[in-house]
Amino acid sequence: MNVLVTGGAGFIGSHACVSLLEEGHNIIILDNYSNSSPEVIDHIKTITGRTFSHYNCDLLDYTQLDTIFGKHEIDAVIHFAGLKSVPESTTIPLTYYHNNLTGTLHLLQIMEKHKVRRLVFSSSATVYGTNNVVPYEESMPTSATNPYGWTKVMIEQMLRDYTSAVPDAAVTCLRYFNPIGAHKSGLIGDNPNGIPNNLMPYVCQAAIGILPSIKVYGTDFPTKDGTGVRDYLHVADLADGHVKALEHLEKAKGFFVYNLGTGQGTSVLELIDTFERVNNIKLKRDICGRRAGDIATSFANVNHAIEEIGWETKYTLEDMCRDSWKFIQTKNKNK
Ligand code: NAD
Ligand code: UFG
């Protein structure tokens, strides 16, 4: 297939591009590099030995988007582009709604104009809100607690309504749990601007000495050791999930939702312990109070993805810790 990838230079998008190219698909990347760098394009080419078209394009630029769709025969779109920081979304909510909702609306309008009706969308476990019990299942009601999360709930609804109105459309929302890890080459990985919000990039920056210690947010949750439990999955597994979802859409029509996770919960302390053990590093821990808005436990029921698209994770927590560490070391060596 010829697949247009929005946000293809980002953390998850870049790994999905590698998987798509390795599986023999052709890609066209579109990214405005607001949270990534054009260097990633070269890294994808180096890893795969393939070339492809790529555009510095903002989804808010309807005219440029239309021109790109006019230039290429596109069979499907994978839509990663969006702003993703929960705390930032509470301070600039209108920017988040405009970028994520208007960007997606433009994309859908242009896709409809060019009769491209296959779409895979990056959704999130955040849509399970705070009122469901684990393991989360796709049929549970959705809600959110911050503007970022609401953009995912609203986009899912927009896509559901679009598929109801267009019988020919085939749309899949993938609800990611907690992607970590990096490509085994060490060339691409999670590269957030400024001080990271998420646990693994924070651990990596502490391990390499950019940050003095790791903050453990809360030790009084009702979990095995009192710290937050999450369903961490390797970004390479997540990338493969997109190829599987896309291939499923070659034969299916309608609206689909799949959780992508391992189905296993890991605590903050378990993750830090594993990182220290596999990488032979000792990290300074700073025990803090709970972070506002954090829930105790989140993990997926992954049966639907296994049964319907034939996807399941293969990498371990050890692999995730090893590959994340390799990426941050490579990045700092190349500075
Ligand atoms: P990322 O920030 O690394 O990648 C997103 C990419 O989209 C970036 O390269 C950015 O420059 C680009 N972008 C943003 N707005 C754009 C616009 N208007 N036009 C063109 N490009 C634009 O993030 P990621 O971690 O790779 O996440 C990808 C998607 O997955 C996002 O939609 C995110 O909300 C979702 N998601 C991520 C996680 C996670 O933990 N990383 C979890 C659940 C869902
Ligand atoms: N944590 C720490 N120290 C840190 C960072 C995080 O102890 O420096 C803890 C958190 O309290 C939580 C766990 O590590 O218990 C995971 O936190 P992350 O920020 O890595 O991940 P979250 O599950 O909170 O959030 C992520 C994305 C959201 C997305 C959500 C569900 O950041 O955008 O997963 O998919 F909505």
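Computed from a predicted structure; not experimentally measured.

Thresholds, definitions, all that
- Residues numbered from 1 in each chain as written.
- Chains lettered and ligands numbered in written order.
- Predicted model: local features only at pLDDT ≥ 70, side-chain atom pairs only at ≥ 80, totals over all residues.
- Heavy atoms only, no water.
- Phe/Tyr/Trp six-rings, centres within 6.5 Å; stacked < 30°, edge-to-face > 60°.
- Buried < 20%, exposed > 50% of the residue type's maximum accessible area, 1.4 Å probe, protein only.
- Core = buried A, V, L, I, M, F, W, Y, C linked by side-chain atoms within 4.5 Å.
- Contact = heavy atoms within 4.5 Å.
- Pairing = 2+ DSSP bridges.
- Helix = DSSP H or I, 4+ residues; strand = E, 2+ residues; numbered from the N terminus.
- Axes fitted to C-alpha atoms, helices over the stretch in contact; angles between N-to-C directions.
- Near = heavy atom within 4 Å.
- Polar contact = N/O pair within 3.5 Å; in protein donor to acceptor, adjacent residues only side chain to side chain.
- Areas by Shrake-Rupley, 256 points an atom, 1.4 Å probe, with all protein chains shown as cover.
- Nonpolar A, V, L, I, M, F, W, Y, C, P; charged D, E, K, R; others polar.
- Right-handed = clockwise from strand over helix to strand, strands pointing away.
- Lys, Arg positive; Asp, Glu negative; His and termini not counted.
- Salt bridge = Lys/Arg side-chain N within 4 Å of Asp/Glu carboxyl O.
- Parallel < 35°, antiparallel > 145°, perpendicular 65-115°, else oblique.
- Left-handed = near helix turned anticlockwise from the far one by under 90°.

Q: A description of the packing of aromatic side chains should follow, citing residues and the corresponding values.
A: Tallying each qualifying case throughout the model produces 4 aromatic pairs. For the ring pair Tyr128 and Tyr136, a centre distance of 4.7 Å and an interplane angle of 10 degrees mean the geometry is stacked. With respect to burial, Tyr128 and Tyr136 carry one shared label: buried. An angle of 75 degrees between the planes, with centres 6.0 Å apart, marks the rings of Phe275 and Trp325 as edge-to-face.

Q: Which residues make up the nonpolar core, and what values do they have?
A: Generally speaking, soluble globular proteins have nonpolar side chains that are buried together. Judged by nonpolar contacts, the single largest core of 42 residues is most densely connected at Leu20, Ile27, Ile44, Leu246 and Leu260. Not counting the four nearest positions on each side in its chain, Leu20 is found in contact with Val3, Val5, His25, Ile27, Ile78, Val243 and Leu246. One finds Leu101, Leu108, Val166 and Val171 within the second-largest nonpolar core, a separate group that totals 27 residues.

Q: Residue-level account of the sheet that holds strand 6 (residues 170-176), with values.
A: Strands sit in the order 3-2-1-4-5-6-11 across an open sheet of 7 strands; the sheet is parallel. Unpaired on one side and paired on the other, strand 3 (53-56) and strand 11 (254-260) mark the two borders of the sheet. On average, adjacent strands in this sheet sit at an angle of 15 degrees to one another, irrespective of strand direction. Two strands pair when backbone bridges link them, and strand 6 and strand 11 are joined in this way by 7 bridges, in the parallel orientation. Following the sheet pairing, Leu174 is matched in strand 11 by Tyr258. Each of strand 1 (2-6), strand 2 (26-31), strand 4 (76-79) and strand 6 is contacted by helix 1 (residues 11-22), which is oriented at about 165 degrees to strand 2, the strand it contacts most.

Q: Now, about the site of ligand 2: what can you tell me, with residues and values included?
A: Near ligand 2 you find 22 residues, and of these Asn198, Leu199, Lys215, Arg230 and Asp294 are the closest. Between an oxygen atom of ligand 2 and a side-chain N or O atom of Asn198, the distance comes to 2.6 Å. Here Asp294 contributes a side-chain N or O atom positioned 2.5 Å from an oxygen atom of ligand 2. Contact with the protein chains covers 88% of the free accessible surface of ligand 2, which is 700 Å². Breaking the shell around ligand 2 down by element, the ones donating at least two residues are helix 7 (199-207) and strand 8 (214-217). The biggest single contributor to the shell around ligand 2 is strand 8, with 3 residues. Among the residues making up the shell around ligand 2, the classes are represented as 11 nonpolar, 6 polar and 5 charged.

Q: Could you give me a rundown of the pairing of strand 5 (residues 118-124), with the residues and numbers involved?
A: Counted residue by residue, strand 5 has 6 buried out of 7 residues, so it is predominantly covered. The pairing of strand 5 with strand 6 spans 7 bridges and is classified as parallel. Within strand 6, the residue paired with Ser123 across the bridge is Arg175. In this region the chain leaves strand 5, passes through helix 6 (residues 147-165) and returns to the parallel neighbour strand 6; the handedness of that crossover is right-handed.

Q: Which residues make up the site of ligand 1, and what values do they have?
A: In the vicinity of ligand 1 lie 27 residues, with Ile12, Asp31, Asn35, Ser36 and Tyr148 positioned nearest. Asn99 has a polar side-chain atom sitting 2.8 Å from a nitrogen atom of ligand 1. Burial of ligand 1 by the protein chains amounts to 95% of its free accessible area of 810 Å². Elements that contribute at least two residues to the shell around ligand 1 include exactly helix 1, strand 5 and helix 6. A total of 3 residues in the shell around ligand 1 trace back to one element, the largest contributor, which is strand 5. Of the residues in the shell around ligand 1, the class split is 12 nonpolar, 11 polar and 4 charged.

Q: Explain the side chain of Arg230 to me, using residue names and the numbers behind them.
A: Tracing the chain through its elements places Arg230 in strand 9 (residues 229-230). Notably, Arg230 is buried but unbridged: the nearest opposite-charge side chain belongs to Asp294, and the N-O separation is 4.0 Å. With residues up to four places along the chain from it excluded, the contact list for Arg230 reads Asn178, Gln264, Gly265, Thr266, Asp294, Ile295, Ala296, Thr297 and Ser298.

Q: Could you give an account of the packing of helix 7 against helix 9 (residues 268-279), naming the residues involved and the relevant values?
A: Helix 9 packs onto helix 7 with a crossing angle of 40 degrees between their chain directions and a minimal axis gap of 11 Å. The pairing of helix 7 with helix 9 is recorded here as oblique in orientation. Every pair of crossing elements has a handedness; the one defined by helix 7 and helix 9 is right-handed. Counting all contacts with helix 7, which are made through Leu199, Met200, Val203, Cys204 and Ala207, the residues of helix 9 involved are Val268, Leu271, Ile272 and Phe275. Here the contact of helix 7 with helix 9 is built from residues that sort into 9 nonpolar, no polar and no charged.

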